Amino acid sequence: MPSDNAAKLIKDMLSANAMTPEQLLELRREFGADMKISMSEADALFQLDALDTKPADWADYFTLVLTTHLVHQGQPEGHINEAMASWLIARIDHDRVVETETELRLLLNVLKVAEAPGERLEAYALKQVKEAVMTGRGYVGHSKLTPGVIGKAEIELLRRVFYSAGSAGGMGITKLEAEEIFALNEATSGKDNDPEWQRFFVGAIANHLMMVAAPATPSKEELLRREDWLNSEKSLKGSWASLGFKDVLNAFAEVFGRKSSDAPRSFVMDDAAHKDAVQITETEASWLVNAIRKDGQIDANERALLDFIREECPEIDAGLRPLLDAA
């Protein structure tokens, strides 16, 4: 529960429908006194986000504090469970879309920071892109987009969602994501999309088919076990201990437009793993054939994808050959 001082401060700001820089500073002191954000304090932050007038640095504070509440205060740390995902979606969803910049920033930041954000939260973020593309609704669509066309804003949002650190380990495009990308391509085929869309489409689908499989998201129980081990005296404290999971993921930070200022320390892949990753298997070939033939035609982006596979993949299942020949 907020302290008496914080409760009075919140009441005053809600009554005035405004927040001054001095009030934000006082709020930060009140909420930061115990170094934790309670559920009632988190709810209060969402109420304050609806104020008409707020200081310029409100968005940074709102995003940081609520990301900490969701990602770092849970057990295990970094794991977003169904209850937490439901709580967040219930507060940022307005008739199926996110309407404010601060709420969109929070959603994307949680996806980026969380080790295991969960499929539900990622699927919700993907829906924001689809709504923006198809209808222009939601914050990302405000005065920026032409409904039914994929522009630079949507592509950037797609990159941030698909290549976030938590999303499937941040380096591999999942089947869910690949299917959503195909759905977007089919819905906007023949439209005046940004030229970068074809590059994104080819790169993302090739990533799904030909890249090293992303590590499976650990279960809650496994994350708790690792957390206990790391906090115990049994865990090694040598120099190699600083080489974490994200260091490996950063090896792919520049893949298909994703950028990172943190250079990876090392990444080693043996020949067998590389060969297994880049080949198109029977299962992958069948999935790709069905995805491309779903609408009964091969468009320019799909043809570019097939050209890329033909040129770059050393081992292709025979089931894909007829489609390659047709393209």
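The structure presented is a predicted model; accordingly, all values stated were derived computationally and were not measured.

Draft legend 1. How the structure looks around the confidence of the model for the protein. Of the residues in the protein, 75% have a pLDDT of 70 or more, and the chain-wide mean is 78. A low-confidence stretch, residues 165-170 (pLDDT under 50), is modelled with 24 contacts involving residues beyond four sequence positions or located in other chains.

Draft legend 2. Fine view of empty space enclosed by the protein. Taken as a whole and assessed by the stated rule, the structure comprises two cavities of 30 Å³ or more. Here the second largest cavity is characterised by a volume of approximately 30 Å³. Looking at the second largest cavity, the residues that line it are L126, V129, K130, L158, F162, E180 and L184. Elements supplying a minimum of two residues to the lining of the second largest cavity: α7 (119-135), α8 (152-162) and α9 (175-187). Ranked by residues supplied to the lining of the second largest cavity, first place goes to α7 with three residues. Across the lining of the second largest cavity, the residue classes tally to five nonpolar, no polar and two charged.

Draft legend 3. Focus on helix α6 (residues 101-113). Over its 13 residues, α6 runs 18 Å from end to end, which matches the ideal 18 Å to within 8%, given 1.5 Å per residue. Those residues of α6 lying buried are T102, E103, L104, L106, L107, L108, V110 and L111. The inward-facing, buried residues of α6 contact α3 (39-49), α4 (58-72), α5 (82-92), α7 and α8.

Draft legend 4. Highlighting unusual backbone geometry. One non-glycine residue, D95, lies in positive phi territory at about 55 degrees. Looking at the secondary structure, you find D95 in the loop between α5 and α6. On the accessibility criterion, D95 (58% relative accessible area) is exposed. Residue R96 is not a glycine yet carries a positive backbone phi of 80 degrees.

Draft legend 5. Layout of the side chain of T188. Along the chain, T188 falls in the loop between α9 and α10 (196-210). A polar side-chain atom of T188 sits 2.8 Å from the main-chain carbonyl oxygen of L184.

Draft legend 6. Main features of the pattern of salt bridges. Here the structure, examined in full by the defined rule, presents 10 salt bridges. For K130, the salt bridge identified is with E180, shortest N-O distance 3.0 Å. Placement of the pair is K130 in helix α7 and E180 in helix α9, with a sequence separation of 50 residues. Of the residues examined, K130 reaches a relative accessible area of 30% and is grouped as partly exposed. Judged by relative accessible area, E180 falls into the buried class, the value being 19%. For D194, the salt bridge is made with K152, and the minimal N-O distance between the two is 3.2 Å. Pair noted here: D194 is in the loop between α9 and α10 and K152 is in helix α8, with a separation of 42 residues, a long-range link. Connected through shared salt-bridge partners, R159, E196 and R199 make up one network.

Draft legend 7. Up close: the side chain of D299. Note that D299 resides in the loop between α14 (282-293) and α15 (300-312). Separated by 3.2 Å, the side chains of D299 and S189 make a polar contact. At 3.1 Å, the side chain of D299 forms a polar contact with the backbone nitrogen of N301.

Analysis parameters
Residues numbered from 1 in each chain as written. Predicted model: local features only at pLDDT ≥ 70, side-chain atom pairs only at ≥ 80, totals over all residues. Heavy atoms only, no water. pLDDT = per-residue confidence, 0-100. Contact = heavy atoms within 4.5 Å. 1 Å grid on protein atoms, 1.4 Å probe; cavity = no way out; pocket = protein on both sides within 12 Å on 5 of 7 lines; lining within 4 Å. Points joined across faces, edges and corners; volume = space filled by probe spheres on them. Helix = DSSP H or I, 4+ residues; strand = E, 2+ residues; numbered from the N terminus. Nonpolar A, V, L, I, M, F, W, Y, C, P; charged D, E, K, R; others polar. Expected span 1.5 Å × (residues − 1). Buried < 20%, exposed > 50% of the residue type's maximum accessible area, 1.4 Å probe, protein only. Polar contact = N/O pair within 3.5 Å; in protein donor to acceptor, adjacent residues only side chain to side chain. Salt bridge = Lys/Arg side-chain N within 4 Å of Asp/Glu carboxyl O.

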